[in-house]
Each structure stands twice: as C-alpha cells, then as structure tokens.
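Structural overview for review
What follows is the residue order along each chain.
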Amino acid sequence: MESKETIQGFYLRNASVERLETDKTAGVGHFNVFTRESCSLLTPYSRRDYYKISLIIGKGKLHYADKWIYVDRPALLFSNPVVPYSWEADDENQTGWFCLFTDQFLQNGTRLGNLQDSQLFKIGGTPIFFVDKDQQKTISDLFIKMMSEIESEYMHKYDMLRTCLHLLIHETMKMHPAENFEPYQNASHRVASLFMELLERQFPIDSPEAYLKLKTPNDYAQSLSIHVNSLNRSVKEMTGKTTSQQIASRITQEASALLKHTDWNISEIAYGLGFEEPAYFTNFFKKQTGLSPNAVRTTVV
C-alpha cells in the first residue's frame, strides 16, 4: 500500500470536484483551485505527493506530524509532500479556498530553489499562519482571482496562476507563523496509535503480485516523519512490545491467514510478505509460531 496520496487519489477521494488536465495544458506539472465547500469534514492522516495551500475559514483541529493545533479563526495552511497531516472539522460551516499543485508547476520558468527548503514548506517548519481581517481580504482576493483565471480562455492563464501563487507565497512570508502548536497530552499514545493504524493498513496482501511496502521500524518512522527512536519509545510505552515485535506479530498473523485460506505456494507468500528468500520466511515463521509453514498448511482440512 502506498503511503502517499497521489493527485489521482485526491480526485478519487473527492469525486465531486473536476480534474483539469493541467498536466498537459499548463506546460509542466499540475495545478487546480477549489472552494473549501467541496472538502470533506475529515481527511485521512497521510502524506500527499503534491503541495497544497488552504485558506481555512471554519473551526477544526489540524493534526500535523506528531503535533496538533486548534484552528478557531481564519488561517493559511501550507502542506508539503513529506509530512503527513489531516484535518478534523469541528462544525459543518467550513468555507475558504485551497489550491494544489506540483513542484514542477510552480517552478516552471522560475528559479525559486527547492520548495521544501522554503520558509513556508520546509520540513520541521510551522505550516499554519493565522490571518487578521486585512490579510484575509488580501489572500481571499488572490484565491478569487485564481478561481476566475482557471475558468478563463486566456492563452497564458497558467502563467497568471503561477504569478498568483508567487504573490500568495510572498504575502504569507510577510506574516508571522502560528506558535501555539501543542504536543498531544499523551504524545506517545498518538504516535503509537498512528503506527498501529499504518501497520494495519499494509494488510491484507490480496494477490501474489502485491507485496509489503513497509517492513522495518525505520520504514514506519520515515512514513510518519518521526525519528525511529521516538517511534520505538512510544510503541514500547503504550503496548509493552517493541516496534519490531508488533511488525513481526502482524506479519505472522497475515502469513497464517495466507497459509490457511489461499493456494499460494510458500515462495509467493514469502515474497508477498517482504522476505527476499523463502528460507528466511520459513525460519521467521518457525521462530514466531514453533511450526513450519508447511505444518500449518497441512493441518487445514
């Protein structure tokens, strides 16, 4: 299972919004802009493979990496493809705008450098900016301009949209970022819960061609954008087991199900569960269960 939501995945998740073929017409990259009325009230906690800028008007909680912040007034959110996040609305009255775009779209014909190194999108930076009334008016006007421009027939409209994006970025860089991000009251519980959720999402392995993408504690730590030591500490504190033990237990559970309920051979199961050689899988399974894979399979009537 992929750990990032692709642009295609965004449109599948938001079937009511229209995908524009800007990949072809914009010269390079992808861009689109929407009103937030088209947003769901609860978005999945994951990384995306695109950038996103949102003017949030409405109350809710932003989960970002291993922190959260309560948004109770108009705010600008800058998300990048590296750090996972989700939005949890407190009420149905959600307005504003958002645009999503690829690095290639914004960089076309410019020399901005790496977006992830910029003040607004850098890893470890503060992604949200609360805006006052005048700033909200300025930002709203830029989004309204983008909404109008993307519907126009102007030959160079994507150059105009890039200009609007640059203005949006520079207007925000003049502001001060929010400083009241808070760790969860029980940060270990949050990290452990995210890990267990991500672990469960790797399964089931539903075809011999599928295979396990995340196999080690470091794989999971990178996907959750936290240090592996922090992950290990949180999982051990909250579950009493190490991260490696939790991963091994879930792989064993899946292996038992595949042995009992499929006709895949041992090699197909081994490769699907991330083992380079069937012998490695056999040794692992015997260590976990005390039985060989063949022994488990032969007990099934």
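Look up a bit, the structure's there.
Below is a short write-up of the structure.

Thresholds, definitions, all that
Residues numbered from 1 in each chain as written. Predicted model: local features only at pLDDT ≥ 70, side-chain atom pairs only at ≥ 80, totals over all residues. Heavy atoms only, no water. Helix = DSSP H or I, 4+ residues; strand = E, 2+ residues; numbered from the N terminus. Buried < 20%, exposed > 50% of the residue type's maximum accessible area, 1.4 Å probe, protein only. Contact = heavy atoms within 4.5 Å. Areas by Shrake-Rupley, 256 points an atom, 1.4 Å probe, with all protein chains shown as cover. Pairing = 2+ DSSP bridges. Axes fitted to C-alpha atoms, helices over the stretch in contact; angles between N-to-C directions. Salt bridge = Lys/Arg side-chain N within 4 Å of Asp/Glu carboxyl O. Core = buried A, V, L, I, M, F, W, Y, C linked by side-chain atoms within 4.5 Å.

Scanning the protein chain for helices and strands turns up 12 helices and 11 strands. Within the protein chain, the fraction of its 301 residues that count as buried is 48%. The long-range fraction of contacts in the protein chain, counting pairs at least 24 apart against all pairs at least 6 apart in sequence, stands at 71%. When the accessible area of the protein chain is evaluated, it comes to approximately 15,400 Å², of which 51% is carbon and sulfur surface.

Taken in spatial order, the 5 strands make up an open sheet running 2-9-4-7-10, and their pairing is antiparallel. At either margin of the open sheet sits one strand with a lone partner, and together these are strand 2 (31-35) and strand 10 (128-130). Each strand of the sheet is rotated relative to its neighbour by a mean of 10°, with strand direction disregarded. Of the pairings in the sheet, the one linking strand 4 (residues 51-57) to strand 9 (residues 95-101) comprises 7 bridges and is antiparallel in character. Paired with Leu-55 across the two strands is Trp-97, which belongs to strand 9. Those strands touched by helix 4 (residues 133-150) are strand 2, strand 4, strand 7 (75-79), strand 9 and strand 10, and its axis lies near 120° from that of strand 2.

Now for the pairing of strand 4. Most of strand 4 is tucked away, with 6 of its 7 residues classed as buried. Two elements, strand 4 and strand 7, share 5 bridges in a ladder whose sense is antiparallel. Following the sheet pairing, Ile-56 is matched in strand 7 by Ala-75.

Right, let's talk about the environment of Ile-266 for a bit. Along the chain, Ile-266 turns up in helix 10 (residues 266-272). Judged by relative accessible area, which is 18%, Ile-266 ranks as buried. Counting along the chain gives 11 residues from Ile-266 to Ala-255, while the straight-line C-alpha distance between them is 9.7 Å. Excluding its chain neighbours within four sequence positions, the residues that come into contact with Ile-266 are Leu-259, Phe-281, Thr-282, Pro-293, Asn-294 and Arg-297.

Between Phe-203 and Pro-204 the backbone carries a cis peptide bond, its omega angle lying at 0°. By secondary structure assignment, the location of Pro-204 is in the loop between helix 6 (187-201) and helix 7 (217-224).

In total, this model carries 10 salt bridges according to the counting rule given. Across the pair Glu-5 and Arg-13 runs a salt bridge whose closest N-O atoms are separated by 2.6 Å. Judged by relative accessible area, which is 30%, Arg-13 ranks as partly exposed. Between Glu-5 and Arg-48 there is a salt bridge, and its shortest N-O distance comes to 3.9 Å.

What follows concerns the nonpolar core. With 32 residues, the main nonpolar core has Phe-195, Tyr-220, Leu-224, Leu-231, Ile-251, Leu-273 and Phe-281 as its most contacted residues. Looking at this core, the elements that each hand over two or more residues are helix 6, helix 7, helix 8 (228-239), helix 9 (243-261), helix 10 and helix 11 (278-289). Residue contributions to this core peak at 6 residues, all from helix 9. Counting residues in hydrophobic clusters, the runner-up holds 28 residues, among them Leu-55, Phe-129, Ile-139 and Phe-143.

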